[in-house]
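Chain by chain, the residues:
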Amino acid sequence: MPNHQCPLCYAEPCQFFYQDNRRRYYQCQLCLLVFADRTTLLSSSDELAQYQMHQNDLNDIGYRQFLQRLALPLQQQLAASGLEGLDFGCGPGPLLAKMLAETGHKMSVWDPYFATDDSVLKKQYDFITCSEAIEHFIYPVHEWKLWLTLLKPGGTLGIMTKRYTDVNAFASWHYKLDPTHVSFFCEHTFIYLAQRDNFIVNFPDKDIALLQRRKH
């Protein structure tokens, strides 16, 4: 794949967006995804080392409150209990899955480093959550296509990631400083995906996107 082809929608060419002292960033002119220069990515071992520094304690009240920003509006949209869900990119402490299981849902988890049972990727789900993980996807087209196979008609994607607004805000944005953050979404990116792939999208919080797949 050419370095400046969009890693989400494959559009090209993508335009230079911003540069700091570590890497350059490009912006897709179709879906508006901003992505870091792919020649500056961490190795898998360095990436894992960064993730292992995260303190995601299942008993951390603050972490639970943070995840409620996704869990509560998702629950309201699902409007049912006993559904089957997948927490994709759950990390070493799958608290979101635990919280949703506590409300009566049957949860599975998957993560490329910490929960690698691929059997959970062989079935379909009523909903999929992705909390603070999509920004790590090097080629998010792959995960998005996978989600389309895993999500039932009428199912919901619940995504938590900070969204950029414009280049001026991006310049001082702390979110881009994490070396494992390589793909940055804005509101338009999710609207584009929803329109293209037949979802209804809403934004109940500044960092939350809920996308419900239409049944027909």
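Cut-offs used in this document
Residues numbered from 1 in each chain as written. Predicted model: local features only at pLDDT ≥ 70, side-chain atom pairs only at ≥ 80, totals over all residues. Heavy atoms only, no water. Buried < 20%, exposed > 50% of the residue type's maximum accessible area, 1.4 Å probe, protein only. Helix = DSSP H or I, 4+ residues; strand = E, 2+ residues; numbered from the N terminus. Contact = heavy atoms within 4.5 Å. 1 Å grid on protein atoms, 1.4 Å probe; cavity = no way out; pocket = protein on both sides within 12 Å on 5 of 7 lines; lining within 4 Å. Points joined across faces, edges and corners; volume = space filled by probe spheres on them. Nonpolar A, V, L, I, M, F, W, Y, C, P; charged D, E, K, R; others polar. Pairing = 2+ DSSP bridges. Axes fitted to C-alpha atoms, helices over the stretch in contact; angles between N-to-C directions. Core = buried A, V, L, I, M, F, W, Y, C linked by side-chain atoms within 4.5 Å.

So, on to helix H6 (residues 187-197). Within H6 the residues assigned to the buried category are Thr189, Phe190, Tyr192, Leu193, Ala194 and Asp197. Close packing links the buried residues of H6 with helix H4 (140-150), strand E7 (151-160), strand E9 (199-205) and strand E10 (208-213). Residue Asn198 follows H6 closely and has a positive phi angle near 70 degrees.

Under the criterion given, the structure shown has 2 cavities of 30 Å³ or more. Of the volumes computed, that of the largest cavity is approximately 60 Å³. Lining of the largest cavity is provided by Leu41, Leu42, Glu47, His136, Ile138, Pro179, Thr180 and Val182. Considering only residue class, the lining of the largest cavity consists of 5 nonpolar, 2 polar and 1 charged.

With respect to topology, 6 strands assemble into an open sheet ordered E5-E4-E6-E7-E10-E9, the strand pairing being mixed. At either margin of the open sheet sits one strand with a lone partner, and together these are strand E5 (106-110) and E9. Between one strand axis and the next, the sheet turns through 20 degrees on average, direction left out of account. Sheet analysis places strand E4 (residues 84-88) next to strand E6 (residues 125-131), joined by 3 bridges and oriented parallel. For Asp87, the partnering residue across the bridge sits in E6 and is Thr129. Packing against the sheet, helix H2 (residues 61-78) makes contact with E6, E7, E9 and E10, and its axis sits at approximately 155 degrees to E7.

Here we come to the nonpolar core. Counting residues in hydrophobic clusters, the biggest one holds 35 residues, and the most contacted among them are Leu86, Ile128, Trp147 and Leu211. Where this core is concerned, the elements lending two or more residues are E4, E6, H4, E7, H6 and E10. For this core, the leading source of residues is H6, giving 4 residues. Listed in part, the 17 residues of the second largest apolar core include Leu83, Leu95, Met99 and Phe127.

Keep in mind these values describe shape, not function.
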